[in-house]
Amino acid sequence: MTPYAWTAADILQATGGTLLSGAPETAFSSIGIDSRSIVAGQLFVAIAGETHDGHRFVTDVLGRGVAGVVVDAAQLGRLPVDQMTAHGRVCVSVNDTTRALGDMARFNRRRGALAVLAVTGSNGKTSTRTLMETVVGQQLTTLATTGNLNNHIGLPLTLFRLAPDHQAAVLELGMNHPGEILYLGGICEPDVGVITNVGPAHLEGLGSLANVARAKAELLATIRAGGTAVLNADDPLVAAMADGFAHRVVYYGTTAKAQVRAENIVLTDAGTAFTLITPSGSLPVTLATPARVMVFNALAAAAVGEVVGIALDRIKTGLEAFVPQAGRMGIRTLGRDIRLVDDSYNANPASMAAAIETLARMGGQRRTIAVLGDMLELGDQAEALHRQIGRAVGDHRINRLYVTGAFAQDVADGARQGGMAPDRIVSDAKPALTDQLAADLETGDIVLVKGSRGMAMETVVEAVCDWADDK
């Protein structure tokens, strides 16, 4: 699918920048920001990031045949503007190239008659986004965020992939400080805004749950007139966001308030089964994951499907086609019938508690093992929140705990307070911890691995898989 074409005139209209060289009718094959992958015919936007400044590479990309550049006006003194003029290359100067990138993305979003569906929340953003994509994609040609392109750089790069044939765009919006969701929502101007939940994530930058809620609620202010907010009825902080919202609200959850809800939720050998109830009718659904919390993500996606007119049977097909991404509550069956629950991609207190609950529900006659790394960005509440997670491990009667990181002792203390025997707790650096885990594994064990992104707990997953493959 060919994305929208760009000309220098489009760039000027989008950014309000100044054309210093080149012709307005000059066309670009696409837009890029990475000097390492830029190719001839593209427009290069020189972004000044935390570690690299794209202005340093303008001469290099011109030598590789880019058709034009967008640069910061304050950097012109160090750039070969005369050379660009002599060779007819486009040079557009702006006050802030990062802002210009967002302006160009907004311009592109407005080109097509498509439904823009944006999701944010403390937990479950990526899984909800993926479920939304599989549901909406059953009936509409859909663009979606890939990977972790959910910030002020990633969102524009996603929107630059829009093509005239797209009928919907499913976009994930991330944040770690106030004002970020307002900015991102202002770029993508959603027709439907989904807020999954409010939890103690990014407390280091936000300070309190109330501030987290306010930051997430910024999305509602960016929804287009006549649009819809899709809100989690089971989360009081999210449900309260409907107060004062001028447009339509659709609730999802397990309470009677939810127009889209789940009943009869049970864990089965195939995953998590429930009855999906919507204004269009009800159907049985089975998700390919043991995580009960994933039901809420599925309900959010089903609610979005209802809003944009996806048929109920296709909503069911989309939900049941969902496959958890690597590191997000996926299950691997290894040698000796060991089951590995890989939730290693990231963690915060709410998602950690949900994962521990899932591990306990899966246990039955099998031995349950939690391998946990630190939860980051929790500020001065970090020690207490880690102790709470340890207490949850004890309260859920998890059989063994392996814990690593700066807050490992807090988790271990909490687990002992929850009734876990000290000889069932191993606290060590990650390599030694992994070796001890491998030595202790038994046939039929269920192992949960989870921690924040910065803990790189996927290395534990890889080590366990390698060990099991050798047996």
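Note that this is a predicted model, so its numbers are computed, not measured.

Some remarks on the pairing of strand E14 (residues 260-268)
Here strand E13 (residues 248-253) runs beside E14; their pairing, made up of two bridges, is parallel. Paired with Tyr-252 across the bridge in E14 is Val-260. Pairing between E14 and strand E15 (residues 271-278): six bridges, direction antiparallel. What sits directly across from Thr-268, in E15, is Gly-271. Where E14 folds back onto E15 in an antiparallel hairpin, the turn is made up of two residues.

Section: the pattern of salt bridges
Charged atoms that come close allow side chains of opposite charge to pair. Under the definition given, this model contains 21 salt bridges. We note a salt bridge from Asp-10 to Arg-111, for which the minimum N-O separation is 4.0 Å. Of the two residues, Asp-10 sits in helix H1 (residues 8-15) while Arg-111 sits in the loop between helix H4 (97-109) and strand E8 (115-120), which places them 101 residues apart along the sequence. Among the ionic pairs, Arg-78 bridges to Asp-53, the shortest N-O distance being 3.3 Å. One end of the pair, Arg-78, is in the loop between strand E6 (68-72) and helix H3 (81-86); the other, Asp-53, is in the loop between strand E5 (43-45) and helix H2 (58-63), with 25 residues separating them in the sequence. Residue Arg-78 is classed as partly exposed on the basis of its relative accessible area of 43%. For Asp-53, a relative accessible area of 18% translates into the label buried. Ionic contacts of the salt-bridge type, sharing partners, join the residues Arg-110, Glu-189 and Arg-224 into one network.

Quick word on the packing of helix H5 (residues 125-136) against helix H12 (residues 312-320)
Close contact between H5 and H12 brings their axes to 7 Å; oriented N to C, the two are set at 135°. Judged by the angle between their axes, H5 and H12 are oblique. Our pair here, H5 against H12, has a crossing hand that is right-handed. On the side of H5, the interface is formed by Leu-131, Thr-134 and Val-135, while H12 contributes Ile-315, Gly-318 and Leu-319. Residue composition of the contact of H5 with H12, grouped by class: four nonpolar, two polar and no charged.

Quick notes on the sheet that holds strand E20 (residues 400-403)
Pairing in this open sheet of six strands is mixed, and the strands run E17-E18-E22-E19-E20-E21 from one edge to the other. Whereas interior strands pair on both sides, the edge strands pair on one side only; in this sheet they are strand E17 (330-333) and strand E21 (425-427). Sheet twist, expressed as the average angle between the axes of neighbouring strands with direction ignored, equals 15°. With five bridges joining them, strand E19 (residues 368-372) and strand E22 (residues 446-450) adopt parallel strand pairing.

Looking at empty space enclosed by the protein
The final tally for this structure, using the stated rule, is one cavity of 30 Å³ or more. In this structure, the largest cavity occupies an estimated 30 Å³ of space. Met-352, Leu-372, Gly-373, Met-375, His-386, Ile-389, Val-403 and Val-411 are the residues that line the largest cavity. Taken together, the residues that form the lining of the largest cavity break down as six nonpolar, two polar and no charged.

Re the nonpolar core
If you look at soluble globular proteins, the nonpolar side chains tend to sit buried side by side. Counting 126 residues, the largest nonpolar core has Leu-231, Phe-274, Leu-276, Leu-319, Leu-372 and Leu-401 as the members making the most contacts within it. With sequence-adjacent residues up to four places away left out, Leu-319 is seen in contact with Leu-131, Val-135, Leu-276, Val-285, Leu-287, Ala-298, Ala-301 and Ala-302. Listed in part, the 21 residues of the second largest apolar core include Val-371, Tyr-402, Val-447 and Val-461.

Brief notes about the sheet that holds E14
The nine strands are arranged E9-E10-E8-E11-E12-E13-E14-E15-E16 in an open sheet whose pairing can be described as mixed. The sheet is open, and its two borders are formed by strand E9 (142-144) and strand E16 (281-287), each paired with just one other strand. Across the sheet, the axes of successive neighbouring strands diverge by a mean angle of 15°, strand direction being ignored. Here four bridges tie strand E11 (residues 192-195) to strand E12 (residues 228-232), and the two strands are oriented parallel to one another. The residue of E12 that forms the bridge with Val-194 is Val-230. Sheet strands in contact with H12 are E15 and E16, and its direction is about 10° off that of E16.

Section: the packing of aromatic side chains
Applying the stated criterion to the full structure yields two aromatic pairs. Here Trp-6 and Phe-160 contribute two aromatic rings whose centre-to-centre distance is 5.9 Å and whose plane-to-plane angle is 90°, an arrangement assigned as edge-to-face. Placement of the pair is Trp-6 in strand E1 (residues 6-7) and Phe-160 in the loop between helix H6 (154-159) and strand E10 (168-172), with a sequence separation of 154 residues. For Phe-160, a relative accessible area of 8% puts it in the buried group. Here the aromatic residues Trp-6, Phe-107 and Phe-160 are joined through ring pairs into a cluster of three or more. Lying over the aromatic face of Trp-6, Arg-111 brings its terminal NZ or CZ to 4.5 Å of the ring centre.

Focus: the layout of surface pockets
By volume, the second largest pocket is sized at about 350 Å³. Contributions of two or more residues to the lining of the second largest pocket are made by E14, E17 and helix H13 (349-363). It is E17 that contributes the most residues to the lining of the second largest pocket, three residues altogether. Here the lining of the second largest pocket is built from residues that sort into ten nonpolar, six polar and three charged.

Quick notes on the pairing of E12
With respect to burial, E12 is a largely interior element, five of its five residues being buried. Residues Thr-228, Val-230 and Asn-232 point to one face of E12 and Ala-229 and Leu-231 to the other, with burial holding for every one of them. Judged from the five bridges that link them, E12 and E13 form a sheet pairing that is parallel. Residue pairing across strands places Asn-232 opposite Tyr-252, the latter belonging to E13.

Definitions and limits used
- Per chain, residue numbering runs from 1 following the sequence as it is written.
- Per-residue local features of the predicted model are confined to residues with pLDDT of at least 70, and side-chain atom pairs are confined, for both listing and counting, to 80 or more; whole-chain, interface and lining totals are unaffected and use all residues.
- The side-chain quantities take in all heavy atoms of the structure and omit both hydrogens and water.
- For two strands to pair, DSSP has to find at least two bridges joining them.
- Comment: elements are numbered from the N terminus, with helices defined as DSSP H or I runs of at least four residues and strands as E runs of at least two.
- Salt bridge criterion: a side-chain nitrogen from Lys or Arg within 4 Å of a carboxyl oxygen from Asp or Glu.
- Working definition: with a 1.4 Å probe on protein chains only, accessible area under 20% of the residue-type maximum means buried, over 50% means exposed, and in between means partly exposed.
- Working convention: axes come from line fits to C-alpha atoms, limited for helices to the stretch in contact. Angles between N-to-C directions cover 0 to 180 degrees.
- Orientation labels follow simple angle bins: below 35 degrees gives roughly parallel, above 145 gives roughly antiparallel, 65 to 115 gives roughly perpendicular, and whatever is left gives oblique.
- If you view the pair so one helix is near and one far, a crossing is left-handed when the near helix is turned anticlockwise from the far one by less than a right angle, and right-handed when it is turned clockwise.
- Contact criterion: two residues are considered in contact whenever any of their non-hydrogen atoms come within 4.5 Å of each other.
- In this classification, the charged set is Asp, Glu, Lys and Arg, the nonpolar set is Ala, Val, Leu, Ile, Met, Phe, Trp, Tyr, Cys and Pro, and all remaining amino acids, among them Gly, are polar.
- Every definition here rests on a 1 Å grid over the protein atoms only: cavities are sets of points where a 1.4 Å probe fits but cannot get out, pockets are open sets enclosed by protein on both sides within 12 Å along at least five of seven lines, and lining residues have some atom within 4 Å of a point.
- Grid points are joined across faces, edges and corners, and a volume is the space filled by probe spheres set on the points.
- Throughout this description, the term nonpolar core refers to a set of buried Ala, Val, Leu, Ile, Met, Phe, Trp, Tyr and Cys residues connected via side-chain atoms within 4.5 Å.
- For this analysis, a ring pair means two rings from Phe, Tyr or Trp (six-membered ring only for Trp) whose centres lie within 6.5 Å, classed as stacked if their planes differ by under 30 degrees, edge-to-face if by over 60, and tilted for the remaining angles.
- Distance and angle both matter: a charge sits over a ring if NZ of Lys or CZ of Arg is within 6 Å of the ring centre and within 35 degrees of the ring normal.

Worth remembering: the numbers are spatial, not functional.
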